[in-house]
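The lines below spell out each chain.
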Amino acid sequence: MQREHISIPKLIVYVLFSVIIFALQTGTFGGMRIFGSAVDLLPALVTAAALLGGPAEAAVVGLTVGICYDLSFTGVDGLYPLFFLLFGYAAGKLCQRLLTRNYISMLILTAFECVLLGLLRYLFSLMHAGASFLIVLRQLAVGTVLTCLFCFIVYLPLRRLSSKSRKRSR
C-alpha cells in the first residue's frame, strides 16, 4: 500500500481559503438570497478538497468548515465538524478509488453532500422545532441547486492551488 503524501503548506492554504469563504459568505454576501435561499459554498469546499487533494486534505477542510458552522451558531453544536470531517474523508477515499477527478464528479458529490446535510439538519434541529418537511424539502432542493450552480467559485481556485502544489512537489 502506498503512503499518501500530505503537504502542510497546501493544508494551510486550504484552511485559510475556507475561512475566507466563510467570512465572505456570512459577512459580505450573508443577506443575499436567491429564491428564498442563501448560497452555501462551504459544502463545496469539502468536496473540492476531496476531489483535488484526497481524504486527508478533505478531512482537514471538513473539520475547518464544521468549526466555522459551529462558530456561526447554526444548528447542533458539534454535529457539523463531525459530519464534514467524516464526509470529507469518505469523499476523498471515494474520489481516489471510483470517481474521475473532474467537475462533474464535483457536482455529483456536492449535491449528495448538500442533501445529506439538509436531512441531518432536519432530523437534529428543524424537526424538533416543528418545521414542515415539505417546506424544508423545498429549501433543500433550492439550496442544493444554488450550491451546485456556484460551486465553481471554490472549485477553480482550489484546482489552481492543487496543481501548483503538485508541480512544486515533483
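The text that follows walks through the structure, step by step, so that each part is easy to find. (Residues numbered from 1 in each chain as written. Predicted model: local features only at pLDDT ≥ 70, side-chain atom pairs only at ≥ 80, totals over all residues. Heavy atoms only, no water.)

1. Describing the overall build of the chain
Here is the rule we go by: Numbered from the N terminus, helices here are DSSP runs of H or I no shorter than four residues, and strands are runs of E no shorter than two. Burial classification: accessible surface area is computed with a 1.4 Å probe over protein chains only, and a residue below 20% of its type maximum counts as buried, one above 50% as exposed, and the rest as partly exposed. Pairs of residues are marked as contacts when any of their non-hydrogen atoms sit within 4.5 Å. Areas reported as accessible are Shrake-Rupley estimates using a 1.4 Å probe. Residue values count occlusion only from the protein chains shown.
From N to C terminus, the chain includes seven helices and zero strands. Counting helices and strands in the order they occur from the N terminus, the chain gives α-α-α-α-α-α-α. The burial tally for the chain puts 43% of its 170 residues in the buried class. For the chain, long-range pairs separated by at least 24 residues make up 75% of all intrachain contacts whose partners lie at least 6 apart in sequence. By element, 70% of the accessible surface of the chain is carried by carbon and sulfur atoms, the whole surface being about 9,500 Å².

2. Description of the packing of aromatic side chains
Using the following cut-off: Note on ring pairs: Phe, Tyr and Trp rings are taken, using the six-membered ring of Trp, and paired if centres are within 6.5 Å. Classes follow the plane angle, with under 30 degrees stacked, over 60 edge-to-face and the rest tilted.
Applying the stated rule across the entire model yields eight aromatic pairs. The interplanar angle of 70° and the centroid separation of 5.1 Å between the aromatic rings of F83 and F84 together place this pair among those described as edge-to-face. Grouping aromatic residues by their ring pairs yields a cluster made of Y69, Y80, F83, F84, F87 and F112.

3. What to know about a nonpolar patch on the surface
Put simply, the test is: Only residues whose relative accessible area exceeds 30% and that form no salt bridge enter a patch; like-charged residues are grouped when within 9 Å of one another, and nonpolar side chains (Val, Leu, Ile, Met, Phe, Trp, Tyr) when within 5 Å. Should a side-chain nitrogen of Lys or Arg be within 4 Å of a carboxyl oxygen of Asp or Glu, the pair is scored as a salt bridge.
Residues V115, L119, F133, L134 and L137 make up a contiguous nonpolar surface patch of roughly 430 Å² in combined accessible area. Within the residue set of the nonpolar patch, elements represented by two or more residues are helix 5 (103-126) and helix 6 (133-150). Looking at the nonpolar patch element by element, the count peaks at three residues for helix 6. Relative to the helices and strands, L137 is located in helix 6.

4. Let's talk about helix 3 (residues 55-71)
Note the following rule: Take the residue count of a helix, subtract one, and multiply by 1.5 Å to get its expected span.
For helix 3, built from 17 residues, the straight-helix expectation of 24 Å at 1.5 Å per residue is met to within 8% by its first-to-last C-alpha distance of 24 Å. Where burial is concerned, most of helix 3 is hidden: 13 out of the 17 residues are buried. Count one or two residues on from helix 3 and you reach F73, which has phi positive near 55°.

5. Examining the pattern of salt bridges
For the structure shown, the criterion picks out one salt bridge. Between R121 and D40 there is a salt bridge; the shortest N-O distance is 3.7 Å. With R121 in helix 5 and D40 in the loop between helix 1 (8-28) and helix 2 (42-52), this pair connects stretches of sequence that are 81 residues apart. According to the relative accessible area criterion, R121 is partly exposed, its value standing at 25%. On the basis of relative accessibility, which here comes to 15%, the residue D40 falls in the buried class.

Interpretation note: all reported values are geometric properties and have no functional meaning in isolation.
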